[in-house]
Amino acid sequence: MKERIKSWVLVVLILGSLVESYYLIYRLPGSDSAVLSKNLYVKTDNMGPEEKVENLLYPDKMIIHMGGDKHTLFYPSSTFYNLIMNRLKGRGFESFQRRSVQDFDWDKIRSENPGIELSFGAGIPVSLLQRVMQISPDSLFEGESIDRIWIYNIKNDSKAHAVFFSTRGDIVYEAAKADLTVQDVQQHVDFGKNLTLYTAVNGEYYVPEANVPLVEAVMPAGMYTIEQMQSNLFFDAGSTRYIPEKDGSKIYTDSKRSLQVDQEQNWMSYSDPAALPDGDSTPAKDALEAVDFVNRHGGWNGTYRLAATEEGRQDRKVSFQQYYGAYPSGSYPVMSNPQLQYGVIHLELQQGTVSSYERSLLYMDEEKSEKTIVELSGGEVLKQRLAGISSTLRIIDLTPAYLPALTGEKLKFRPVWRVTLSDGTELTLN
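Residues numbered from 1 in each chain as written. Predicted model: local features only at pLDDT ≥ 70, side-chain atom pairs only at ≥ 80, totals over all residues. Heavy atoms only, no water.

1. Some details on the overall build of the protein
As a reminder of what qualifies: Put simply, DSSP H or I for four residues or longer makes a helix, DSSP E for two residues or longer makes a strand, and each gets a number counted from the N terminus. Buried, partly exposed and exposed residues are distinguished by accessible area as a fraction of the type maximum, computed with a 1.4 Å probe on protein chains only: under 20%, between the cut-offs, and over 50%, respectively. In what follows, residue pairs with any heavy atoms lying within 4.5 Å of each other are defined as contacts.
When helices and strands are counted, the protein shows nine helices and 25 strands. Here the protein holds 430 residues, and 46% of them are scored as buried. Taking the contacts inside the protein whose residues are at least 6 apart along the sequence as the reference set, 67% of them involve residues at least 24 apart.

Okay, structure coming up:
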C-alpha cells in the first residue's frame, strides 16, 4: 500500500515538473511572451481598425482630357473614378523607356488628345505602386517615385500611350507595352461627357465652369484619452511621469520616450529618440513601416491616403491625409488649420525606425452625421478670385476640400476650395 502511494506521489511530482518546465520554456521572450522586448509596445485600445497599405495608395484626382481643350475631373470614391481605377489595376505596363520630359508637347497633348491623367500629389515609390497596378519595371525605374500617370491616344496611332512622371521633374518613363487599346482609353474618356467642364490654367490646375455641389456635414465628436495613448505607446504606462509645460501642454515620459498633448488643439506628439535604427531605409520601406506603426499604435479613425514621403537631412517624413465623403459623390481631403489641427497623421523615421508620431486625438461619429448639400462657386466668380491670388504667387493646384471646425461636442466639415501656391502655402476659398 505504501509503495502504491509513493508511486502516485512520484507521478504527481513528475507531472508538476513537466507543467512547470512548459511554462518556463514557452513563456520566455520570443515565444508568445508576456514580457515584451523594449522595442515592442502593449497593444491595447485602438482608435480605429488596421489598414493595408494597398488601400492607402490612390490618386488624389483623375483628370479626363476629352480633346478640343475640354476637360473634367473625377475624385476618389466617385462613380467613374472607381470604375476607371478598378479597370486600370488589372492592366499591365512593361518595357519602360526613359525619356526627357521635354521630348513631349504636353500642352498639345492636354488640349488635343483624349486621355486620362492620374495625379498622385507628392508622389508614390514605384515599388509601392506595383502593389496596386500591374507594373513590370526595370532596375532603374524601380527606384523612382511617380507623381503622375498619363494615358492617352494619338490620332491615326493604333496603340495607347502610357507615360509615368518621375517626381524629379525632368524624367518620364514611357511603357512600350501597355495592356490598353485605343478603344479602352476612349471609353474611359467618354465617361466625362455631359459632366461639368473644367478650364486648364497654365497646365497646372483646373477651374470648373459651373458651381460644384458638395456635402456639408455636422456630427458628434469625441476625444481619445491620454490613458489610451499611454497604453498604446509606452511599454509600461504605469511607469510614466507627468511634466506640465508653461504653454499649458502636458508631457508624459518614461525617461526614454515622451508623449506631449496639446489640449487646446487636441493634438498629440510622440517622440522616441532612443529608437534603435536598423540602417535599412528607402521611401517604400519607410512608408510600409509607417503604416505598420499606425496599425500597432492606434489604427485609422477614417479614410486616409499616403500623401507624402519626404526626405530630410537625417530623417524621412511620411504623411497620411484624411479624406471625407463616399461613393458615389466622391471624397475630398480634410484640411488642418491654425484653429484646429486635424485630418493628417505625421511620422518621422530615422534609418527605417519611427522616431516621431503626430495625430489628432479627436474622432467623429459619422453614422450620426447631419448632411446638407452646398455649392462651391465656379465659373467667372471663381476665376476672378483666383486671379487676385495668383498676382502675388503662382497657383499650382485647386481642389475641393473640407475645413473642420469644433463647436462644443460637434465637429463640422465645411466644403471649401483649397488653393495651393508655388511656395507650398495653402489657402481656402468658401
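There's more to say after this.
2. Details of the packing of aromatic side chains
Basically, it comes down to this: Working definition: a ring pair exists when centres of Phe, Tyr or Trp rings (six-membered ring for Trp) sit within 6.5 Å. Plane angles under 30 degrees give stacked, over 60 give edge-to-face, the rest tilted. Counting as a charge over the ring demands two things of the Lys NZ or Arg CZ atom: a distance within 6 Å of the ring centre and an angle within 35 degrees of the ring normal.
Summed over all chains, the structure comprises 23 aromatic pairs. Members of the aromatic cluster, joined through ring pairs, are Tyr75, Tyr324, Tyr332, Tyr342, Tyr402 and Phe413. Over the ring of Phe165 we find Arg148, and its NZ or CZ is 4.1 Å from the ring centre.

3. Considerations on the pairing of strand β6 (residues 145–152)
Here is the rule we go by: Two strands pair under a simple rule: DSSP has to find at least two bridges between them.
With respect to burial, β6 is a largely interior element, seven of its eight residues being buried. In this structure, strand β4 (residues 115–125) lies alongside β6, joined through seven bridges in antiparallel fashion. What sits directly across from Gly115, in β6, is Tyr152.

4. Regarding the pattern of salt bridges
How we decide: For salt bridges, the criterion is a side-chain nitrogen of Lys or Arg within 4 Å of an Asp or Glu carboxyl oxygen.
A full pass over the atoms with the stated rule returns 23 salt bridges. Note that Asp107 is salt-bridged to Arg110, the shortest N-O span being 3.0 Å. Pair noted here: Asp107 and Arg110 are both in helix α3 (residues 106–112), with a separation of three residues, about one helical turn. By relative accessible area, Arg110 is classed as buried at 7%.

5. A closer look at helix α9 (residues 379–390)
Heads up, the condition is: Given the number of residues in a helix, its expected span is that number minus one, multiplied by 1.5 Å. Of all possible arcs, the one meant is that of the directions from the helix axis to the C-beta atoms.
Here α9 is twelve residues long and its end C-alpha atoms lie 16 Å apart, about the 16 Å a rise of 1.5 Å per residue gives. Taken as a whole, α9 has its buried residues at Gly379, Leu382, Leu386 and Ile389. Down the axis of α9, the buried set is contained in an arc of 85 degrees. They therefore lie on one face. Turned more than 90 degrees away from the buried face of α9 sit Glu380 and Gln384, all of them exposed. Against the buried residues of α9 lie β10 (205–208), β23 (395–407), β24 (410–421) and β25 (426–429).

6. Some thoughts on the environment of Ser355
With respect to the secondary-structure elements, Ser355 resides in strand β20 (residues 353–360). Along the sequence, Ser355 and Ser271 sit 84 residues apart, while their C-alpha atoms lie 5.7 Å from each other. Excluding residues within four positions of it along the chain, Ser355 makes contact with Tyr270, Ser271, Asp272, Glu348, Leu349 and Gln350.

7. Description of the nonpolar core
Stated precisely, the cut-off is as follows: Remark: nonpolar core denotes a set of buried residues (Ala, Val, Leu, Ile, Met, Phe, Trp, Tyr, Cys) joined through side-chain atoms within 4.5 Å.
Counting 66 residues, the largest nonpolar core has Leu129, Phe164 and Phe320 as its most contacted members. Considering each element in turn, this core owes the most residues, six residues, to helix α8 (residues 283–296). Those residues in contact with Leu129 that sit more than four places away from it in its chain are Phe120, Ile124, Ile135, Ile146, Ile149 and Phe164. The next biggest cluster of nonpolar side chains, apart from the first, holds 32 residues, and it includes Ile63, Leu214, Ala217 and Ile395.

8. Describing unusual backbone geometry
Backbone torsion omega between Tyr327 and Pro328 reads 5 degrees, so that peptide bond is classified as cis. Tracing the chain through its elements places Pro328 in the loop between β17 (316–326) and β18 (330–333). A positive phi angle, near 55 degrees, is found at Asn202, a position not held by glycine. You can see Asn202 is positioned in the loop between β9 (198–201) and β10.

9. Describing helix α6 (residues 182–190)
Those residues of α6 that sit buried are Val182, Asp184, Val185, His188 and Val189. End-on view of α6: buried residues confined to an arc of 165 degrees, all on one side of the axis. Residues of α6 that are buried sit in contact with β1 (61–65), α2 (79–88), β4 and β6.

10. A closer look at the environment of Tyr270
With respect to the helices and strands, the residue Tyr270 is situated in strand β15 (residues 267–271). The spacing of Tyr270 and Ser355 is 85 residues in sequence and 8.1 Å in space, taken between C-alpha atoms.

11. A closer look at the side chain of His188
Looking at the secondary structure, you find His188 in helix α6. Relative accessible area serves as the criterion here: at 2%, His188 is assigned to the buried category. Excluding residues within four positions of it along the chain, His188 makes contact with Ile84, Arg87, Leu88 and Ile116.

12. Some remarks on the environment of Leu73
Here Leu73 shows up in strand β2 (residues 71–74). The contact partners of Leu73, leaving out residues within four places of it in the chain, are Lys61, Met62, Ile63, Tyr198 and Tyr206.

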